Amino acid sequence: MGLIVQKFGGSSVANADKIRNVAKIITKTYDDGNDVIVVLSAQGDTTDDLIAKAGELNSKPSKREMDMLLATGEQQSIALCAMAIEAMGYPVISLTGWQVGMKTNSSYGGARIKRVDCERIRAELDKRCIVIVAGFQGVNKRDDVTTLGRGGSDTSAVALAASLGADLCQIYTDVDGVYTADPRKIKGARKLEEISFDEMLELACLGSQVLHNRSVEMAKRYHVNMEVLSSFSGLPGTKVKEVVKPVENSHIVGVAKDTDIARIALVGLSDRPGIAFRVFSLLAKRKINVDIILQSIGREESKDISFTVSKADVDAARDILEEYKEAIGFHSVHVSEDVAKISIVGSGMINNPGVAADMFGALYNANININMISTSEIKVSVLVDIRDADHAVQVIHDKFFAEFG
Ligand code: ADP
Ligand code: ASP
Ligand code: MG
């Protein structure tokens with residue numbers, strides 16, 4: 001018996017039958033004597049549909065109005081789910097982000113949670129009510145609606161679990177847990193019984209959408225007991241925790257793919273001190289995050305610098321660089337959006353120098369060209385042509401996990 005937060009993603013609440021299925025999981029947890037807080041996403045593709053609707057009226061809607069619109073998806077889910085639970089004869093109440101005191105900053109479309117005022121939730125739990133909360137949304141200091149970024153309901157769930165001191169935060173989704181690669185795309189992907197916060201955070205940041213990266217960051221910081229599991233199979237899921245057993249003999253835990261990335265190349269920069277500083281401080285001032293950076297060896301007093309940014313930042317990055325072309329001093333700027341970043345993650349690679357070479361070998365054997373490389377203590381990322389991306393993940397995955405399959 002305890003306090004449990006259960007989050008259900010869009011595919012778990014996509015229609016009436018699925019909501020009834022979710023209602024059974026929730027009421028079973030309640031019947032077991034637990035206090036239950038549920039966080040829901042919008043049904044199925046609702047968020048994408050709302051974005052498309054906005055586009056019919058305005059090609060560049062303000063972020064504030066966009067959040068006002070997108071938050072309605074989650075509001076539908078919570079009311080429908082509460083109705084299903086009511087129909088089963090249980091005490092239940094649905095609450096929006098505003099009603100549960102989910103306070104965020106004002107970065108519409110990617111707001112950060114500042115605090116959660118939990119009085120209302122606690123009052124409802126004291127009445128032994130099941131509380132259903134709209135994920136993905138909060139309010140800023142003016143009480144305007146904000147959203148947390150795509151996939152942000154995971155972060156709403158962890159924020160509530162942390163603020164209420166929940167015993168467990170369960171993230172229910174459409175796969176059985178966290179796998180060594182996307183199980184929908186990669187043959188032989190295996191479910192992990194457990195994964196460390198650090199490795200899960202890397203995977204989430206590098207494109208494994210199974211968890212929102214900020215949810216993992218927050219779970220680590222506030223010691224939230226977190227589990228990823230299926231709404232449909234009833235099987236045990238993956239525990240995300242501080243320390244875990246190594247995955248058999250493998251030095252890595254998973255392979256991730258990120259296609260939300262573009263490469264920008266500045267060609268013909270002069271080869272003298274201060275050039276990189278100029279380029280990257282300009283981008284930083286516009287709050288453009290730069291990921292992999294590659295600088296060529298200088299030749300005849302000129303050099304090239306390439307770097308990656310997320311697709312959403314490409315236009316802003318190109319515009320600012322063009323605007324300061326004279327001041328920076330370069331010949332031309334080239335942008336490629338047909339790229340993907342493929343990464344391997346694992347804390348076991350620190351003490352095993354052959355891991356990166358194994359990854360590059362797998363790509364070489366598949367005749368896949370590497371455009372850029374970046375490494376840290378627990379990951380190696382490469383940039384490849386987007387047409388090679390899925391094949392690249394498969395061959396890398398085969399290299400590291402085939403023998404366990
Ligand atoms: P939800 O709507 O429940 O939040 P998401 O679509 O955000 O679900 O995340 C679940 C999906 O993440 C899965 O259907 C799967 O295709 C994808 N995925 C990508 N990488 C992984 C991975 N390493 N392990 C499990 N699922 C993954
Ligand atoms: N509905 C939002 C989205 O589609 C938030 C979420 O599902 O977590 O991104
Ligand atoms: Mg998700």
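Anything mentioned here points back to the structure above.
A short tour of the structure in this document, coming up. (Residues numbered from 1 in each chain as written. Chains lettered and ligands numbered in written order. Predicted model: local features only at pLDDT ≥ 70, side-chain atom pairs only at ≥ 80, totals over all residues. Heavy atoms only, no water.)

1. A few points about the overall build of the protein
Check the secondary structure of the protein and you find 12 helices and 20 strands. For the protein, whose C-alpha radius of gyration is 23 Å, the value lies close to the compact-globule estimate of 22 Å for 405 residues. Seen through its principal axes, the protein has C-alpha atoms that stretch 80 × 50 × 35 Å. Among the 405 residues that make up the protein, the fraction classed as buried is 51%. Per element, the accessible surface of the protein, about 19,100 Å² overall, is 49% carbon and sulfur. Of note, the protein has its 47 positive side-chain charges centred 3 Å away from the centre of its 54 negative side-chain charges. (Helix = DSSP H or I, 4+ residues; strand = E, 2+ residues; numbered from the N terminus. Rg over C-alpha atoms; globule rule 2.2 N^0.38 Å. Buried < 20%, exposed > 50% of the residue type's maximum accessible area, 1.4 Å probe, protein only. Areas by Shrake-Rupley, 256 points an atom, 1.4 Å probe, with all protein chains shown as cover. Lys, Arg positive; Asp, Glu negative; His and termini not counted. Charge placed at Lys NZ, Arg CZ, Asp CG, Glu CD.)

2. Structural notes on the nonpolar core
Core analysis: the biggest nonpolar cluster contains 44 residues, and Ile37, Ile121, Leu160 and Met200 have the highest contact counts within it. Excluding residues that lie within four positions of it along the chain, Ile37 makes contacts with Leu3, Ile4, Val5, Gln6, Ile121, Leu125, Val131, Val133, Leu160 and Leu164. Listed in part, the 26 residues of the second largest apolar core include Val355, Val380, Val382 and Val395. (Core = buried A, V, L, I, M, F, W, Y, C linked by side-chain atoms within 4.5 Å. Contact = heavy atoms within 4.5 Å.)

3. What to know about unusual backbone geometry
For His223, which is not glycine, the phi torsion reads 55° and is therefore positive. Mapped onto the elements of the fold, His223 is located in the loop between helix H7 (213-221) and strand E11 (226-230). We classify His223 as exposed; its relative accessible area is 67%. At Asn367, a residue that is not glycine, the phi angle is positive and equals roughly 60°. Tracing the backbone shows Asn367 in the loop between helix H11 (354-365) and strand E19 (372-376). Exposure remark for Asn367: the relative accessible area of 72% places this residue in the exposed category.

4. Some words on the packing of helix H6 (residues 197-205) against H7
Across the interface, H6 lies against H7 with an axial gap of 8 Å and an inter-helix angle of 165°. One way to sum up the angle between H6 and H7 is to call them roughly antiparallel. Here H6 and H7 pass one another in a crossing that is left-handed. In this structure, H6 contributes Phe197, Asp198, Met200, Leu201, Ala204 and Cys205 to the contact, and H7 contributes Asn213, Val216, Glu217, Ala219 and Lys220. For the contact of H6 with H7, the per-class residue count stands at seven nonpolar, one polar and three charged. (Axes fitted to C-alpha atoms, helices over the stretch in contact; angles between N-to-C directions. Parallel < 35°, antiparallel > 145°, perpendicular 65-115°, else oblique. Left-handed = near helix turned anticlockwise from the far one by under 90°. Nonpolar A, V, L, I, M, F, W, Y, C, P; charged D, E, K, R; others polar.)

5. Looking at the pairing of strand E20 (residues 379-385)
Of all seven residues in E20, six are buried; the element is thus mostly enclosed. Of the pairings in the sheet, the one linking strand E18 (residues 339-345) to E20 comprises seven bridges and is antiparallel in character. From the neighbouring strand, Ser343 faces E20, where its bridge partner is Ser381. As judged from the five bridges shared by E19 and E20, these two strands associate in the antiparallel manner. Pairing of Met372 across the sheet is with Leu383, part of E20. Here E19 folds back onto E20, and the loop between the two strands holds two residues. (Pairing = 2+ DSSP bridges.)

6. Details of the packing of aromatic side chains
Summed over the entire model, instances satisfying the criterion amount to three aromatic pairs. Between Phe8 and Tyr172, the aromatic rings sit 4.7 Å apart at their centres with planes inclined by 15°, giving stacked as the arrangement. Residue Phe8 is located in strand E1 (residues 3-8), and its partner Tyr172 is located in strand E9 (residues 168-173); the two are separated by 164 residues in the primary sequence. Owing to a relative accessible area of 8%, Tyr172 belongs among the buried residues under this scheme. Geometry around Tyr30 places Arg128 over its ring, the cationic atom sitting 3.9 Å from the centre. (Phe/Tyr/Trp six-rings, centres within 6.5 Å; stacked < 30°, edge-to-face > 60°. Lys NZ or Arg CZ within 6 Å of the ring centre and 35° of its normal.)

7. Here we look at the site of ligand 1
Neighbouring residues of ligand 1: 16 residues in total, closest Thr173, Asp174, Tyr179, Asp182 and Arg184. Residue Lys7 places a side-chain N or O atom 3.1 Å away from an oxygen atom belonging to ligand 1. The fraction of the free accessible surface of ligand 1 (580 Å²) that becomes covered by protein chains is 87%. Taken together, the residues that form the shell around ligand 1 break down as six nonpolar, six polar and four charged. (Near = heavy atom within 4 Å. Polar contact = N/O pair within 3.5 Å; in protein donor to acceptor, adjacent residues only side chain to side chain.)

8. So, the pairing of strand E16 (residues 302-309)
The element E16 is largely enclosed, with a buried count of eight among its eight residues. Of the pairings in the sheet, the one linking strand E15 (residues 293-295) to E16 comprises three bridges and is antiparallel in character. Among the inter-strand pairings, Leu294 is bridged to a residue of E16, identified as Ser306. Between E15 and E16, which pair antiparallel in sequence order, lie six residues; one of them, Glu300, sits at a positive phi of approximately 45°.

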